[in-house]
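# Coordinate inspection notes
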Amino acid sequence: MKKNKKYRWGLKLATLALSSSVLFSTIDTASAATYTVKSGDSLWKIANQYGVSYQTLMQWNNLSSSTIRVGQKLNLNTPSTSKPKPTVNIVQVAKQQLGVKYTFGGNKPSTGFDCSGYVTYVFNNAGISTGRKSAAGFYNTAKKVSSPQVGDLVFFANTYIAGISHVGIYLGNNQMISASDVGVSIANINSTYWKKYFAGYGRL
């Protein structure tokens, strides 16, 4: 009888330990499936980090806008979809405008682009909302990065006015696409002309 009691008591302890293990395992999994928003984050940046579109991230969290706040917890528990990354959309939209003429102050294909009008058009049509800014305005609001990713911004200074004066979109392999005086075109950042005006990279 005593042996049976000891056996049953041991079985209960084992069951309790197993249940606790499962419980804590579930808690760990749940915590790993959330992301806490930090200063400098954007919904696009977080989505890109986890290989999904920012629209998918909005759906997972029932968000009606792309505005997020520091300390906000975002759900990452839903499996990723096959939707293309926003960076792919940026490049696609950017290259669709190749050859469009340069127009100072222009911000649409029908009338032409200047450099910042082009960036504004591309990002908004790739699903990343941004207001119309000058090249300097984009520089002041972008997060500065030393190792650029495709879709980041490239800045140049003192091309025709003092300070940040030109902005393009990084395509990888030291290539950028931008609206310059020859229209929307692709150029090498390390070319003789652009290299001497290079000011850095930024990320929205």
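Residues numbered from 1 in each chain as written. Predicted model: local features only at pLDDT ≥ 70, side-chain atom pairs only at ≥ 80, totals over all residues. Heavy atoms only, no water.

### Some points on the environment of serine 110
For clarity, the cut-off: In DSSP terms, a helix is any run of H or I states spanning at least four residues, a strand is any run of E spanning at least two, and both are numbered starting from the N terminus.
Position of serine 110 relative to the elements: it lies in the loop between strand 3 (107–108) and strand 4 (112–113). In this structure, the C-alpha to C-alpha distance between serine 110 and valine 100, residues 10 residues apart in sequence, is 8.3 Å.

### Examining the confidence of the model for the chain
Short version of the rule: Residue-level confidence of the predictor is summarised by pLDDT, bounded by 0 at the bottom and 100 at the top. Whether two residues touch is decided by their heavy atoms; if any such pair falls within 4.5 Å, the residues are in contact.
Per-residue pLDDT for the chain has a mean of 81; in total, 78% of the residues score no lower than 70. When mean pLDDT is compared element by element in the chain, strand 6 (residues 153–157) scores highest at 98, while helix 1 (residues 2–32) scores lowest at 42. Note that pLDDT drops below 50 for residues 11–32; the model gives that stretch 0 contacts with residues more than four away or on any other chain. In the model, residues 78–83 has pLDDT below 50 throughout and makes 8 contacts with residues more than four positions away in sequence or in other chains.

### Structural notes on the sheet that holds strand 6
Spelled out, the test is: Two strands are said to pair when DSSP picks up at least two bridges between them. Note on geometry: axes are lines fitted to C-alpha atoms, helical ones only across the stretch in contact, with angles between N-to-C directions running from 0 to 180 degrees.
Strand order across the open sheet formed by 6 strands is 5-10-6-7-8-9, with antiparallel pairing between neighbours. Each having just a single partner strand, strand 5 (143–145) and strand 9 (183–188) make up the two edges of the open sheet. Between one strand axis and the next, the sheet turns through 40 degrees on average, direction left out of account. Alignment of strand 8 (residues 175–180) against strand 9, held across 6 bridges, turns out to be antiparallel. Looking across to strand 9, one finds that serine 180 is bridged to glycine 183. Against the sheet, helix 5 (residues 115–125) touches strand 6, strand 7 (164–172), strand 8 and strand 9, its axis set at about 40 degrees to strand 7.

### Considerations on the nonpolar core
Note the following rule: Throughout, nonpolar core names a set of buried Ala, Val, Leu, Ile, Met, Phe, Trp, Tyr and Cys residues whose side chains join them through atoms within 4.5 Å. Whether a residue is buried, partly exposed or exposed follows from its accessible area with a 1.4 Å probe, protein chains only, as a fraction of its type maximum: under 20%, in between, or over 50%, in that order.
Membership of the largest hydrophobic core comes to 28 residues, with the highest contact counts inside it found for Ile90, Tyr118, Val122, Leu153 and Ile169. Looking at this core, the elements with two or more residues in it are helix 4 (86–96), helix 5, helix 6 (135–141), strand 6, strand 7 and strand 8. Per-element tally for this core: the top contributor is helix 5, with 6 residues. Not counting residues up to four positions away in its chain, the partners in contact with isoleucine 90 are Trp44, Val122, Phe123, Ala126, Ile128, Gly151 and Ile169. Counting residues in each nonpolar core, the second largest holds 12 residues, with Tyr35, Val37, Leu74 and Leu76 among its members.

### Structural notes on the layout of surface pockets
The following threshold applies: Buriedness of a pocket was judged along seven lines, with at least five required to meet protein on both sides within 12 Å; pockets are open sets of points on a 1 Å grid over the protein atoms alone, cavities are sets where a 1.4 Å probe fits but cannot get out, and lining residues have an atom within 4 Å of a point. Grid points are joined across faces, edges and corners, and a volume is the space filled by probe spheres set on the points. When residues are sorted by character, Ala, Val, Leu, Ile, Met, Phe, Trp, Tyr, Cys and Pro go into the nonpolar class, Asp, Glu, Lys and Arg into the charged class, and all the rest, Gly among them, into the polar class.
A volume near 390 Å³ is recorded for the largest pocket. Lining the largest pocket are 19 residues, and of these Asp41, Ser42, Ile128, Ser129 and Leu204 sit closest to its centre. Top contributing element to the lining of the largest pocket by residue count: helix 2 (residues 43–49), with 3 residues. Residues that form the lining of the largest pocket fall into these classes: 7 nonpolar, 7 polar and 5 charged. Size it by volume and the second largest pocket reaches roughly 310 Å³. What lines the second largest pocket is a set of 19 residues, among which Tyr102, Cys115, Tyr160, Ser165 and His166 lie closest to the centre. Secondary-structure elements contributing two or more residues to the lining of the second largest pocket are helix 5, helix 6, strand 7, strand 8 and helix 7 (192–195). With 3 residues, the top contributor of residues to the lining of the second largest pocket is strand 7. Counted by class, the lining of the second largest pocket contains 11 nonpolar, 6 polar and 2 charged residues.

### Structural notes on unusual backbone geometry
Look at asparagine 158: it is not a glycine, yet its phi comes out positive at around 65 degrees. Turning to its location among the elements, asparagine 158 is positioned in the loop between strand 6 and strand 7. On the accessibility criterion, asparagine 158 (45% relative accessible area) is partly exposed. The residue asparagine 173 is not glycine, and still its phi comes out positive at about 55 degrees. Inspection of the secondary structure assignment puts asparagine 173 in the loop between strand 7 and strand 8.

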